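Analysis of the macromolecular model
Given next are the chains, with one letter for each unit.
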Amino acid sequence: MMYSGQAAIDYLINEVGKTDLAESSHWQKYHSLFKVTSEGFEGLQGFGGRAKPRIKMLRFAEKFLQYRFRKMGRCNFSVIDHLAEEMVLKQNRTYDLDVLRQVLTISFLQSTVPQVLSSQSIGCVIGDGFATTSSLLLKSQSAGRVVLVNLNKTLLVDLWYLKLWMGDQVFSSSVDLVTNKDELERALAKPVGSGQIIAIQAMNHELLRDCPIKFVVNIASMQEMDPPVIAAYFQDLRDIKSDDALIFYCCNREEKSLPDGTVTKFSEYPWSFKDQTIVDELCPWHQTFYSFRPPFFRPYDGPIRHRLAVMMKTNKGN
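Counting restarts for each chain, with residues numbered from 1 along the sequence as it is written. The predicted origin of the model limits local features to residues at a pLDDT of at least 70 and limits the giving and counting of side-chain atom pairs to 80 or more, whereas totals for whole chains, interfaces and linings rest on all residues. As a convention, hydrogens and water are excluded, and side-chain values are obtained from all of the structure's heavy atoms.

Some remarks on a nonpolar patch on the surface
In this scheme, patches are assembled from residues that exceed 30% relative accessible area and form no salt bridge. Like charges are connected within 9 Å, while nonpolar side chains (Val, Leu, Ile, Met, Phe, Trp, Tyr) are connected within 5 Å. Per-residue accessibility takes into account occlusion by the displayed protein chains alone, with areas from the Shrake-Rupley method and a 1.4 Å probe. Salt-bridge detection follows one rule: a side-chain nitrogen of Lys or Arg within 4 Å of a carboxyl oxygen of Asp or Glu. There is a patch of nonpolar side chains on the surface, built from Ile 55, Met 57, Leu 58 and Phe 292 and spanning about 420 Å² of accessible area. Note on conventions: DSSP H or I runs of at least 4 residues are helices, E runs of at least 2 residues are strands, and numbering of each starts at the N terminus. Mapping Met 57 onto the fold places it in helix H3 (residues 56-65). Under the relative-accessibility criterion, Met 57 is labelled exposed at 68%. Relative accessibility decides the category of a residue: with a 1.4 Å probe and only protein chains considered, values under 20% of the type maximum give buried, values over 50% give exposed, and everything between is partly exposed.

Looking at helix H1 (residues 6-15)
In an α-helix, one turn spans 3.6 residues; hence positions three or four apart end up facing the same way. Taken together, the buried positions of H1 are Ala 8, Ile 9, Tyr 11, Leu 12 and Glu 15. Buried residues of H1, seen end-on, are gathered within an arc of 160 degrees and therefore sit on one face of the element. Along its buried surface, H1 packs onto strand S1 (3-4), helix H8 (152-166), helix H9 (168-174), strand S6 (175-178) and strand S7 (196-201). It is the directions from the helix axis to the C-beta atoms whose arc is reported. Whether two residues are in contact is decided by their heavy atoms: any pair within 4.5 Å suffices.

Section: unusual backbone geometry
A cis amide bond, omega -10 degrees, links Pro 294 with the succeeding residue Pro 295. Relative to the elements of secondary structure, Pro 295 occurs in the loop between strand S13 (288-290) and strand S14 (297-299). Here the phi dihedral of Asn 76 falls at roughly 60 degrees; this positive angle occurs in a residue that is not glycine. In this structure, Asn 76 sits in the loop between helix H4 (67-70) and helix H5 (77-91). Looking at Asn 76, the relative accessible area reads 42%, which means it is partly exposed. A positive phi angle, near 55 degrees, is found at Ala 220, a position not held by glycine.

Things to note about the environment of Arg 145
Checked against the element boundaries, Arg 145 lands in strand S5 (residues 145-150). Note: C-alpha distance between Arg 145 and Ile 213 (68 residues apart in sequence) is 9.3 Å. Beyond its immediate stretch of four places on either side in the chain, Arg 145 contacts Ser 121, Ile 122, Gly 123, Leu 138, Ala 187, Leu 188, Lys 190, Pro 191, Val 192, Gln 196 and Ile 198. A distance of 3.5 Å separates a polar atom in the side chain of Arg 145 from the backbone oxygen of Leu 188. At 2.3 Å, the side chain of Arg 145 forms a polar contact with the backbone oxygen of Lys 190. Here a polar contact is taken to be a pair of N or O atoms separated by no more than 3.5 Å, where protein atoms must pair a possible hydrogen donor with a possible acceptor and residues adjacent in sequence count only if both atoms sit in side chains.

Concerning the state of the cysteines
Here, the term disulfide refers to a pair of cysteine sulfur atoms separated by no more than 2.5 Å. Counted under the stated rule, the structure contains zero disulfides. With no disulfide of its own, Cys 211 has Cys 124 as its nearest cysteine by sulfur position, at a separation of 7.2 Å.

Points about the pattern of salt bridges
Applying the stated criterion across every chain yields a total of 15 salt bridges. The partner of Lys 63 in a salt bridge is Glu 85, and the shortest N-O contact between them spans 3.6 Å. Of this pair, Lys 63 sits in helix H3 while Glu 85 sits in helix H5, placing them 22 residues apart in sequence. Looking at Lys 63, the relative accessible area reads 39%, which means it is partly exposed. We classify Glu 85 as partly exposed; its relative accessible area is 30%. For Asp 239, the salt bridge is made with Arg 209, and the minimal N-O distance between the two is 3.0 Å. In this pair, Asp 239 is assigned in the loop between helix H11 (227-238) and strand S9 (246-253) and Arg 209 in the loop between S7 and strand S8 (215-219), connecting sequence segments 30 residues apart.

Comments concerning the packing of aromatic side chains
Only centres within 6.5 Å qualify two rings of Phe, Tyr or Trp (six-membered ring in Trp) as a pair; their planes then separate them into stacked at under 30 degrees, edge-to-face at over 60, and tilted for everything else. Tallying each qualifying case throughout the model produces 18 aromatic pairs. With centroids separated by 6.5 Å and ring planes inclined at 75 degrees, the aromatic side chains of Tyr 290 and Phe 292 adopt a geometry described as edge-to-face. Aromatic rings pair up to connect Phe 234, Phe 248, Phe 266, Tyr 269 and Trp 271 into one cluster. A cation over an aromatic ring shows up here: Arg 68 above the ring of Phe 297, its NZ or CZ 3.6 Å from the ring centre. Charges are assigned to positions over rings by a cutoff of 6 Å between ring centre and Lys NZ or Arg CZ, combined with an angular limit of 35 degrees from the ring normal. Here Arg 70 stacks its cationic end above the ring of Tyr 95, 5.1 Å away from the centre of that ring.

As for helix H7 (residues 132-139)
In terms of burial, H7 is a largely internal element, seven of the eight residues being buried. Along H7, the residues that are buried comprise Thr 132, Thr 133, Ser 134, Ser 135, Leu 136, Leu 137 and Leu 138. The first or second residue beyond H7 is Gln 141, which carries a positive phi of 60 degrees.

Function cannot be inferred from these measures alone, as they are strictly geometric.
The structure is reproduced here in structure tokens:
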């Protein structure tokens, strides 16, 4: 059955204790201490920041440290920035660099491929800490519907924070978790532009092939997947049943070693020479992070590249 609103959260809570076949050794490690409590969650590791709002002096210091990143903002940055402020306020968390990076990404996409970002577009986010990207895509009217794919535990956290942002009533009518093609078709029957989230567990990622998606966003999560899983997602994107071109924004570490010794390399993702590359460079806002202690700016553990491409598709129309 399709799970809507709170029923989707309850369903995922029941899935927490089960083996998630889509987990790599990275997420087996970082999910190992994850627990659902009466007040939310414990053991959230690897999800990104969710610190409580900082006191006034620290907020000022953080804004100062963010200045070098904020200068990279492009189209509608100030509008999306304001929306992010409203979002984190409702979620009772601070506006940290994790949030700012998502704002910069959407600003970049709006300036680079404005033709595919609109309130009538269906977007997809594969991996999304606290549903930040999905929330901002909807709130900025960069998408009228977002298909959100994530591992069970991470998807549960995504929906929890979506509920904090949307409120109970809107969440109940706007969020549907689907587990098969029939349920997906029912969810897709809702009008585009209604601010809907269609949630899909990573183990059911092949449902993406039946979603008329116009653009896909993946930020710092493919680097944490096993290579066969990365390849499966790429095949999903190439097999999407739509005559429209598919835009894929992929931002991941050039090389990353997982706990079991598996190495993922951006250059070895299954790109095709038939893909039309729009942008391919080191991501300017994803090379360093800040700290409140010296040295205030530090490099990530390896360069992070982003690529924006029109994907060669193997299945046109249908």
